[in-house]
Amino acid sequence: MTVATTLPTSPDLAGPHATSEWREMLRLAAPLVGANLLQMAVFAVDVLFVARLGAEALAASSLAVSIFGLLIWSLTGLVGATSPLIAAELGRRRHAVREVRRTVRMGAWVGVLAAVVAMALCQLGGPLLRATGQSEAVVVRAVPFLAVLSLACVPAVLSSLLRTVVSTLGRPGIGTAITALAVVVNGTGNWIFVYGHAGMPALGLMGSAWSSVVTSSAMLAAYGLVLRFDRRLHRYHLLGRWWRAEWRRFADVWKIGLPICATIVAEAGLFNGAALLIGRIGEVQLAAHTVAMQLAGMTFQVPFGLGQAATIRVGLAYGARDHAGIARAGWTALAMSVGFMGTMAAVMLAIPRLILGLYIDVGDPANAALVGYALQFLIVAAAFQLFDGAQATCGAVLRGLQDTRVPMTIAMFGYWVPGLLTAIGLGLYTPLGGMGVWLGLMAGLVCVAALLIWRWHRRDRLGLLP
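Residues numbered from 1 in each chain as written. Predicted model: local features only at pLDDT ≥ 70, side-chain atom pairs only at ≥ 80, totals over all residues. Heavy atoms only, no water.

A. Representation of the packing of aromatic side chains in the model. In the structure shown here, the tally under the stated rule is 10 aromatic pairs. Where W109 meets F250, the ring centres are 6.5 Å apart and the plane angle is 70°; that geometry is what we call edge-to-face. Of this pair, W109 sits in helix 4 (residues 97–122) while F250 sits in helix 11 (residues 247–281), and the two are 141 residues apart along the sequence. When its relative accessible area of 24% is taken as the criterion, W109 is described as partly exposed. Ring plane angle 85° and centroid distance 5.4 Å describe the contact between W247 and F250, whose orientation is recorded as edge-to-face. One end of the pair, W247, and the other, F250, are both in helix 11, 3 residues apart, so they sit about a helical turn from each other. Judged by relative accessible area, which is 57%, W247 ranks as exposed. Within the aromatic cluster, the residues linked to one another by ring pairs are W109, W247, F250 and W254. (Phe/Tyr/Trp six-rings, centres within 6.5 Å; stacked < 30°, edge-to-face > 60°. Helix = DSSP H or I, 4+ residues; strand = E, 2+ residues; numbered from the N terminus. Buried < 20%, exposed > 50% of the residue type's maximum accessible area, 1.4 Å probe, protein only.)

Structure below.
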């Protein structure tokens, strides 16, 4: 392969090589986006079943899942370090079977160790929830729920690792299929355990937690079967010699993964903090915030999936020392992400009431205040769609270059200084209220997106290229 020694002054996004890059990016990203949306459906199934048990049960499960979800999401970033490592190995040598197996094995070691720590943190759910001022009646029900849910930590993290691995090895559709299976398993599990069917006792709220444990375990088992029987994946023997240490690769996973984990925590800190701030302002604004954030979360799954694909594509070019390929993959992912989010922003501005109608009855006079606030928040959501997509994809592109430490610093600064401070100042100390908090969210996203794009643009001068 011919190696480009200099980057083009402007990336070629229209030539034959670019057309091939767009095609490859879509081939990878489409099933990843599908899997991300299906993962949201897995959690939505729990809400549908638990909501019928009453407001207190729903509040308890929501609080427990918020803690569990943050832990698993951050650990997904930790083991996600295997993606750029494997991609670089495949870029350097197409049949790097031994190197890939070593990376997966050490990623599993890291994942299990971190998941055990997460299980221990779940046992601290009571003190954490009480520190945020939650109702004691809700906390009492949330604590045992979280204790059972913690049993899903190890299979959930390992499933996330294997989904990353099979996608990087060119089989992203497997993750989509297994996540679709998880929706069915979780729905069936809730039906059996929550309400007591198929000869099982009705466990109520705790049944939903047990259903999540079963679902995570089923996903892990499904990935194990795929690795054993899929011809393309079986040749890597990824489950072989699992006891053998590769300490250098073990350190590489921690080195790249920990900053990704910290970046996720920084972003979650801003958005979770926003919910707590708006909760202090008023219940109606919090409800409006929840609806608007749900809409923003749905659209975010596309740039998130594009980012996952971009990490792989950039990583392959990085391993091959193909500077032009790095540029094409990175700029293609950014163009696709910003283009999609720009379209979604236009839709939000054009038909906001129609979109809100998917969640609430906009014609009901009792919802007038909620609709009014939600419409305001959607205006800001439309504005920050572009920046949210850009920062997510650009951060993933830099991961393909195995650059995670400085992006972590950028995220911690951007989300917590201009972001959270603006949200606190405008939200609590001006008449803007919830709107001020949303402007704080936008300030954080704009800052992070601008700094990450600058770093990507200057990647050659900053010494990030191989």
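From this point, the narrative continues.
B. Quick peek at the packing of helix 3 (residues 82–92) against helix 12 (residues 283–319). Interhelical geometry of helix 3 versus helix 12 gives an angle of 40° and a closest axis separation of 6 Å. Comparing their axes, helix 12 and helix 3 come out oblique. For the element pair helix 3 and helix 12, the recorded crossing hand is right-handed. Contacts from S83, P84, A87, A88, L90, G91 and R92 of helix 3 reach helix 12 at T311, I312, G315, L316, Y318 and G319. (Axes fitted to C-alpha atoms, helices over the stretch in contact; angles between N-to-C directions. Parallel < 35°, antiparallel > 145°, perpendicular 65-115°, else oblique. Left-handed = near helix turned anticlockwise from the far one by under 90°. Contact = heavy atoms within 4.5 Å.)

C. Structural context of the environment of L421. In this fold, L421 is placed in helix 16 (residues 405–429). C-alpha separation for the pair L421 and L441, spaced 20 residues apart in sequence, amounts to 9.8 Å.

D. The arrangement of the environment of A35 in detail. Along the chain, A35 turns up in helix 1 (residues 16–50). When the C-alpha atoms of A35 and Q301 are compared, they prove to be 9.2 Å apart, with 266 residues separating the residues in sequence. Leaving out residues up to four positions away in the same chain, A35 has contacts with R163, G175, T176 and T179.

E. Up close: helix 6 (residues 136–149). For helix 6, which comprises 14 residues, the first-to-last C-alpha distance of 20 Å matches the rise-based estimate of 20 Å (1.5 Å per residue) to within 8%. Those residues of helix 6 that sit buried are V138, V139, A142, F145, L146, V148 and L149. (Expected span 1.5 Å × (residues − 1).)

F. Structural detail: unusual backbone geometry. The phi dihedral of H237 falls on the positive side, at around 50°, and the residue is not glycine. Relative to the elements of secondary structure, H237 occurs in the loop between helix 10 (231–234) and helix 11. A relative accessible area of 44% means that H237 is categorised as partly exposed. One non-glycine residue, Q402, lies in positive phi territory at about 60°. Within the fold, Q402 resides in the loop between helix 15 (368–400) and helix 16.

G. A look at the confidence of the model for the protein. On average, residues of the protein score 90 in pLDDT, and 96% of them are at 70 or above. In the model of the protein, helix 5 (residues 125–131) stands out as the element of lowest mean pLDDT, 83, in contrast to helix 7 (residues 153–168), which has the highest, 96. (pLDDT = per-residue confidence, 0-100.)

H. Structural view of the packing of helix 3 against helix 4. For the pair helix 3 and helix 4, interaxial distance at closest approach is 9 Å and the crossing angle is 170°. The angle between helix 3 and helix 4 places the two elements in the roughly antiparallel class. On the side of helix 3, the interface is formed by T82, L85, I86, E89 and L90, while helix 4 contributes E99, V100, T103, V104 and G107.

I. Here's a closer look at the nonpolar core. The biggest cluster of nonpolar side chains holds 64 residues, and the ones touching the most others in it are V100, L169 and L238. By residue number, the principal contributor to this core is helix 2 (residues 55–79), which donates 11 residues. When sequence neighbours within four positions are dropped, the list of residues in contact with L238 reads V100, R101, V104, V165, L169 and L227. Listed in part, the 63 residues of the second largest apolar core include A317, F377, F384 and L401. (Core = buried A, V, L, I, M, F, W, Y, C linked by side-chain atoms within 4.5 Å.)

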